[in-house]
Amino acid sequence: MSRPVVVSAYPLSPAFADWDPAVEDEVLTGLADLPGVAALEVPWIDGIHPHDSAWFLGNVPDVALAVTPLPFVMRRLATPGYGIASRDDDGRRAAIADLRRVAADVAEITEHSAAHVDVVELHTAPRGEADADALARSLAELGELDWSGARLVIEHCDAHVPGQTPEKGFLSLDGEISAVRSSGADVGIWMNWGRSAIELRDPDAVAGQIAVAAESGLLDALVLSGASDCEGPYSGPWIDAHHPFASIDPAAESLLTDERVCATVRAAGSVPWLGLKVSRRPGASAAEALRAARDHLEALRAVNRVSSVE
């Protein structure tokens, strides 16, 4: 594969919900060993690891990491006004304080594990009330922190759309791009196919939104993650459940067909990173999850070859 690939580890790990260090070691090591995988996405949930930070520091493989605090941010949404894009100054400062803790943990990972953090993802909460000017102020402050060499990126989640039930309901892509530019901070944008589909409610419109991000010059990664508009084994309609490619698991009711993967990769242009974020099928073992990851990577490799030729 001509571009490095980041694979999200935690949706594939049975040990994420039911802690089992042997299973998580199998998943992390197995994913890092797959051809073309250059980085793993791992969650920050009030600490380096949701179950055992010392275990993680001692066992994470020698690989680049993308750290996402999104699961933690979603929990914090119960606090009114919380988020780096909040007009409420107390809520905005609380979110920045949490990200200072993330920065400290990034330094801990860098110093005390075999891995290194290449990327830290930011998320433009609060739900339904995010503001581009507030976000710009936060980005300027966050850009001054020591991130131990990691790059900051905004992971675009589904934006607030009036009259539509959101999954995240954060700031619009245009607002995020505007805030990055006005902040003066060196911050990129990460796009996720499934989250754009959930926002737009039209799988064929996603490539157009990806193209907007690419044309901004800020797009650092395109992450392939599915979504569904109906009930299925992974979730109900328009739920951020990281559905697989339709070609890999036809029973998943996923809208992410190979044709849409191809169109989206083309729309992303020369984006530096491709990503894969898919969940294991409910009840699947670690070995089955690793086989699914391998199959997705092979499909993505084939699509990337086609997109490069066209």
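(A) Structural view of helix H9 (residues 258–268). The set of residues buried in H9 consists of Arg260, Val261, Cys262, Thr264, Val265, Ala267 and Ala268. Looking one or two residues past H9, Gly269 carries a phi angle of roughly 60°, positive in sign.

(B) Looking closely at the pattern of salt bridges. Taken as a whole, this structure holds 16 salt bridges when the rule is applied. Between Asp46 and Arg101 there is a salt bridge whose closest N-O contact spans 2.4 Å. Taken together, the positions of Asp46 in the loop between strand E2 (37–43) and helix H2 (53–59) and Arg101 in helix H4 (residues 89–112) put the pair 55 residues apart, joining distant regions of the chain. Among the residues examined, Asp46 registers a relative accessible area of 46% and is labelled partly exposed.

(C) Structural context of the packing of helix H8 (residues 206–215) against H9. With their axes 8 Å apart at the nearest point, H8 and H9 run at an angle of 20° to one another. Taken together, the axis directions place H8 and H9 in an arrangement best described as roughly parallel. The hand of the H8/H9 crossing is right-handed. The residues of H9 that touch H8, namely those facing Ala207, Ile210, Ala211 and Ala214, are Ala263, Thr264, Ala267 and Ala268. Tallied by class, the residues present in the contact of H8 with H9 amount to 7 nonpolar, 1 polar and no charged.

(D) Geometry of empty space enclosed by the protein. Summed over the entire model, instances satisfying the criterion amount to 5 cavities of 30 Å³ or more. Approximately 130 Å³ is the volume attributed to the largest cavity. Lining of the largest cavity is provided by 15 residues; of these, Tyr10, Glu24, Val42, Pro43 and His49 occupy positions nearest its centre. Listing elements by their share of the lining of the largest cavity, those giving two or more residues are helix H1 (21–33) and E2. Looking at which element gives the most residues to the lining of the largest cavity, the answer is H1, with 3 residues. A per-class count over the lining of the largest cavity returns 11 nonpolar, 3 polar and 1 charged.

(E) Structural view of the packing of aromatic side chains. Within the structure shown, the criterion is met by 2 aromatic pairs. A ring pair is formed by Trp19 and Trp55, whose centres lie 5.1 Å apart and whose planes are at 80°; its orientation type is edge-to-face. Linking Trp19 in the loop between strand E1 (5–8) and H1 with Trp55 in helix H2, this pair joins segments that are 36 residues apart in sequence. Using a relative accessible area of 13% as the deciding quantity, one classes Trp55 as buried. A centroid spacing of 5.0 Å and a plane angle of 80° characterise the contact between Trp44 and Phe72, whose relative ring orientation is edge-to-face. Residue Trp44 is found in the loop between E2 and H2, and its partner Phe72 is found in helix H3 (residues 70–76); the two are separated by 28 residues along the sequence. For the pair Trp44 and Phe72, one class covers both residues: buried.

Analysis parameters
Residues numbered from 1 in each chain as written. Predicted model: local features only at pLDDT ≥ 70, side-chain atom pairs only at ≥ 80, totals over all residues. Heavy atoms only, no water. Buried < 20%, exposed > 50% of the residue type's maximum accessible area, 1.4 Å probe, protein only. Helix = DSSP H or I, 4+ residues; strand = E, 2+ residues; numbered from the N terminus. Salt bridge = Lys/Arg side-chain N within 4 Å of Asp/Glu carboxyl O. Axes fitted to C-alpha atoms, helices over the stretch in contact; angles between N-to-C directions. Parallel < 35°, antiparallel > 145°, perpendicular 65-115°, else oblique. Left-handed = near helix turned anticlockwise from the far one by under 90°. Contact = heavy atoms within 4.5 Å. Nonpolar A, V, L, I, M, F, W, Y, C, P; charged D, E, K, R; others polar. 1 Å grid on protein atoms, 1.4 Å probe; cavity = no way out; pocket = protein on both sides within 12 Å on 5 of 7 lines; lining within 4 Å. Points joined across faces, edges and corners; volume = space filled by probe spheres on them. Phe/Tyr/Trp six-rings, centres within 6.5 Å; stacked < 30°, edge-to-face > 60°.

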